Amino acid sequence: MLRPEYPIRTERLTLRPFADGDYDDLHLMTGDPDVVRYLYWEVHTPEETRSALARRKGQTALTEQGQWLVLAMEAAPAGEPRVVGQVVLRWASVVHRQGELGFTLSPAFQGHGYAREAAEAMLGLGFESLGLHRIYAACDTRNAPSWGLLTRLGMRREAHFVEDEIFKGEYGDQYIYAMLDREWKERQSSSR
């Protein structure tokens, strides 16, 4: 079980549960075709963003298999805090101690290392607090920034699924990346 103490702070980010005041920043993300291009949902209407925000506000802990921990990435690039993205961790299997990592970032804030900072914090929660053995991530093979980040995080590409599912009306390919708890520990000890 994982019930983090909030907020979680990284060098430049505050990771925290979503709140009502995050609607505008969230809709900038969920309503942007470039953001949702490789995600399983379509561009959100304002009402769909309100529903999504209500769901996210309740995804603050992992108490059973299958749940998602969904946190807002709050930064203050121009001095005023705002939500620049979200980072997620799913408890995929209790028996096999598996988790799934994901992240989404507003285009204006891509390329500044925010997703990496947030993803590293989530890997730490998964391995150190939840006791996971393996954390994986899936991404569309055309999403080079995403799989590039997974590589920089130290995750290894384990699979290339070719046309494994119909994605937004056409067959798509995806990469699977993963890291084991011992690899996380080695990476942490070598960075000190």
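The notes below deal with the structure included here. This structure is a prediction, so every number in the text was calculated from the model and none was measured. (Residues numbered from 1 in each chain as written. Predicted model: local features only at pLDDT ≥ 70, side-chain atom pairs only at ≥ 80, totals over all residues. Heavy atoms only, no water.)

### Section: the overall build of the protein
Here's step 1: Looking only at helices and strands, the protein has six helices and eight strands in total.
Here's step 2: Going from the N terminus to the C terminus, the protein shows its helices and strands as β-β-α-α-α-β-β-β-α-β-α-β-β-α.
Here's step 3: A total of 192 residues make up the protein; the buried ones form 49% of that total.
Here's step 4: A separation of at least 24 residues holds for 61% of the contacts in the protein among residues at least 6 apart in sequence.
Here's step 5: A total accessible area of about 10000 Å² is found for the protein, and carbon and sulfur atoms account for 48% of it.
Here's step 6: When the 23 basic and 28 acidic side-chain charges of the protein are each reduced to a single mean position, those positions are 5 Å apart. (Helix = DSSP H or I, 4+ residues; strand = E, 2+ residues; numbered from the N terminus. Buried < 20%, exposed > 50% of the residue type's maximum accessible area, 1.4 Å probe, protein only. Contact = heavy atoms within 4.5 Å. Areas by Shrake-Rupley, 256 points an atom, 1.4 Å probe, with all protein chains shown as cover. Lys, Arg positive; Asp, Glu negative; His and termini not counted. Charge placed at Lys NZ, Arg CZ, Asp CG, Glu CD.)

### Looking at the pattern of salt bridges
Opposite charge on two side chains permits pairing when their charged atoms draw close.
Here's step 1: By the definition in use, this model includes 14 salt bridges.
Here's step 2: Where R82 meets D25, a salt bridge forms, and the shortest distance between an N and an O atom there is 3.1 Å. With R82 in strand β4 (residues 82-93) and D25 in helix α1 (residues 23-30), the pair connects residues that are 57 residues apart, well separated along the chain.
Here's step 3: Taking relative accessible area as the criterion, D25 reaches 16% and is therefore assigned buried.
Here's step 4: The network of salt bridges with common partners includes R134, R156, E158 and E183. (Salt bridge = Lys/Arg side-chain N within 4 Å of Asp/Glu carboxyl O.)

### Describing the layout of surface pockets
Here's step 1: Quantified by volume, the largest pocket comes out at close to 1300 Å³.
Here's step 2: Here the element with the most residues in the lining of the largest pocket is strand β5 (residues 98-105); it accounts for six residues.
Here's step 3: By residue class, the composition of the lining of the largest pocket is 21 nonpolar, 13 polar and 11 charged.
Here's step 4: There is about 250 Å³ of room inside the second largest pocket.
Here's step 5: What lines the second largest pocket is a set of 13 residues, and nearest its centre among them are E117, E120, A121, W184 and Q188. (1 Å grid on protein atoms, 1.4 Å probe; cavity = no way out; pocket = protein on both sides within 12 Å on 5 of 7 lines; lining within 4 Å. Points joined across faces, edges and corners; volume = space filled by probe spheres on them. Nonpolar A, V, L, I, M, F, W, Y, C, P; charged D, E, K, R; others polar.)

### Structural notes on helix α5 (residues 144-152)
Here's step 1: Residues of α5 that are buried include every one of S146, G148, L149 and L150, and no others.
Here's step 2: At its buried positions, α5 is contacted by β5, α4 (114-129), β6 (134-140) and β8 (170-180).
Here's step 3: Residue G154 follows α5 closely and has a positive phi angle near 95°.

### Observations regarding the sheet that holds β8
Here's step 1: Here we have eight strands laid out as an open sheet, ordered β1-β2-β3-β4-β5-β6-β8-β7, and mixed in their pairing. Looking along the sheet, the strands with just one partner apiece sit at the ends: β1 (8-9) and β7 (156-167).
Here's step 2: Inspection of the sheet shows β5 paired to β6 by three bridges, in the parallel sense. Note on β6: the bridge partner recorded for E100 is Y136.
Here's step 3: Packing against the sheet, α5 makes contact with β5, β6, β7 and β8, and its axis sits at approximately 155° to β6. (Pairing = 2+ DSSP bridges. Axes fitted to C-alpha atoms, helices over the stretch in contact; angles between N-to-C directions.)

Read these as spatial facts, not as claims about activity.
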